[in-house]
Structure formats: structure tokens, C-alpha cells
Amino acid sequence: MSSHEHTRRAWDDASHKHVREYAEHLEQARTARLLPIEEELLRPLVAGAEVLHPQSGHGLDDHALVRLGARSVLGLDYSPTAVGAAQRRADELQVPCRYQEVELPATGLEDGTADLVYTGKGALIWMSDLAAWAAEMHRPLRPGGHLFVYEGHPLVPLWAADADEARVREDRSYFATSHVNDTFPARGATEHQRTLAEIVMTVQGAGFELRHLAEHPDPFWKDGSMPPAAAWDGRLPNAFSMLARRVP
């Protein structure tokens, strides 16, 4: 089995969690909010916007985008399980979100159909060709439209999960191109790894003008069910936010 097919199967298997926890996610969708830094950056851009959300997963962020003022959200995901659960939830709550099963980086969308591309929170690690992905995110945006990413910091694969000491794993390198992740939801799938510089330069090379870039100490995946890790004590980067504008 190819690494791509292994990754696809791992993601679709993980997406069954969205079905098992459908009722819980339905309640979360009713009040879903983006992170404060996301709302601060996106509030001036999202009002009345048509939003494209590649790698949309469970789609809870889409409900938050509508709550922030988006006119509509189109979510794209290559898991039929994720797409089905997200669409059912949107229909039940009667929100203007729709979902399509799509194999990225290709989207099949017409040029100039979106005002904002929103993605991240564990999405970029699944992209084997980042340059092709960035070019495809540029194409459906209207001139002056924006790409927003809130994502795990590229240094995150280096951090050990030790509770008593923040340290770099001996089996990882910041300059590696990929690594195997045995944790949920990857379960042995290959995750693609880039430096922060590579991500920024790839986005700029696709025809975007960088408007915002910041690094954050708090991981977006931390919740009450996860044991504390010393790498989360505020001294190390665990996430980054990036806003880029399509150059007309």
C-alpha cells in the first residue's frame, strides 16, 4: 500500500469519530467559535464573504465562520465519512455550509469563486505537494481575496510528550521532509514536514502577499482529556497563524 493510500485510510478511519460523536458535535456546532486570534484577524474579512475551507474535517469551524458573518462556507475533504457527517449537521442546523468529497490539491472549482480560504489545525501535514496546494488555493480566490492558515507549528513534531521536561526527540529533525506519526488520528501514516520558512515562501511564490505571521505557544489541540506536556508551558512555539492576500 502506498503512503498516500495509507494516509487516506487512516484519515477516513479517524473520521468515523465524527459519526460516533455526532450528537456531541451537533451541540458544539450550535455555539462554535474560532480562536480569539482567528476572530481578531478574520472579523474584518469574513462579513458577507463566500468562504472555502479545504480539509474541513468535522466542519465545526465552518459554523463558527458563519457565526462570525460569512455568507456561505464550502468545505472540501477527501473522507466521505467526514463530508457526510458535516453535511448532515449543517442541514440539521440550517446553516449555509455545504460539503464536497475532493482529492486535494485539485478542487474542481471555477476561478474567482471565493473571498476567503480558511484552513489549518492539522491540515497541511497531509499535503504531499505544498506548492501545488498553494497554487490551487490562489486560483479560486477573487482578486484581493485572502488565505488564512492557523496550524500546528513546524517545530511541533520535534517536541517530546514528557510532562516533566521540554525536550527534542532524538528521532526527529526540523529539516526532515516527513515523519511517521503513530498517534491518533494518523496511526502510522506519513505526515509531511516543512520549515516555517518553506511554508511562507511557498505561499508567497504562489502569488500571495503576506499580511500577518505570528507564532503561538498554546497548541490548538490541547483539551482536558490530554495529559500535560512540558512543551506546552509557554516557552516553545506550538502553533502559527498566517494571513496572505491574493495579488490581483
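What you are looking at is a predicted structure, and each value in this text was computed from that prediction instead of being measured.

Thresholds, definitions, all that
Residues numbered from 1 in each chain as written. Predicted model: local features only at pLDDT ≥ 70, side-chain atom pairs only at ≥ 80, totals over all residues. Heavy atoms only, no water. Buried < 20%, exposed > 50% of the residue type's maximum accessible area, 1.4 Å probe, protein only. Helix = DSSP H or I, 4+ residues; strand = E, 2+ residues; numbered from the N terminus. Pairing = 2+ DSSP bridges. Contact = heavy atoms within 4.5 Å. Core = buried A, V, L, I, M, F, W, Y, C linked by side-chain atoms within 4.5 Å. Axes fitted to C-alpha atoms, helices over the stretch in contact; angles between N-to-C directions.

A short note on the pairing of strand β6 (residues 178–181)
Then step 1. Burial along β6 is one-sided: the residues H179 and N181 are buried and none of S178 and V180 is.
Then step 2. Bridge count for β6 against strand β7 (residues 189–192) is four bridges, and the pairing is antiparallel. Bridging from a neighbouring strand, S178 pairs with H192 of β7.

Some words on the environment of T113
Then step 1. Structurally, T113 is set in the loop between β3 (97–101) and β4 (114–120).
Then step 2. On the basis of relative accessibility, which here comes to 28%, the residue T113 falls in the partly exposed class.
Then step 3. As a C-alpha pair, T113 and R142 span 29 residues in sequence and 6.3 Å in three-dimensional space.
Then step 4. What T113 contacts, discounting residues up to four positions off in sequence, is E50, P140 and R142.

Some points on the nonpolar core
Then step 1. L52, L76, W133, L147, V149, F208 and M242 are the most contacted members of the largest nonpolar core, which has 33 residues in total.
Then step 2. Elements represented by at least two residues in this core include exactly β2 (72–77), β4, α6 (130–138), β5 (141–152), α7 (196–205) and β9 (239–246).
Then step 3. Beyond its immediate chain neighbours, meaning those up to four positions away, L147 contacts V117, W133, M137, L141, V203, F208, M242, L243 and A244.
Then step 4. Counting 23 residues, the second largest nonpolar core, distinct from the first, contains V51, L65, Y118 and L243.

Digging into the sheet that holds β2
Then step 1. If you trace the seven strands from one edge of the open sheet to the other, you get β3-β2-β1-β4-β5-β9-β8, paired in mixed fashion. The sheet is open, and its two borders are formed by β3 and β8 (208–216), each paired with just one other strand. Strand-to-strand, the axes of this sheet are offset by a mean angle of 15 degrees, without reference to chain direction.
Then step 2. Sheet analysis places β4 next to β5, joined by six bridges and oriented parallel. Bridge pairing in β5 links T119 to V149.
Then step 3. Each of β2 and β3 touches helix α5 (residues 80–93); the most contacted strand, β3, lies at about 165 degrees to it.
Then step 4. Packed onto the sheet, α7 meets β5, β8 and β9 and runs at close to 160 degrees relative to β8.

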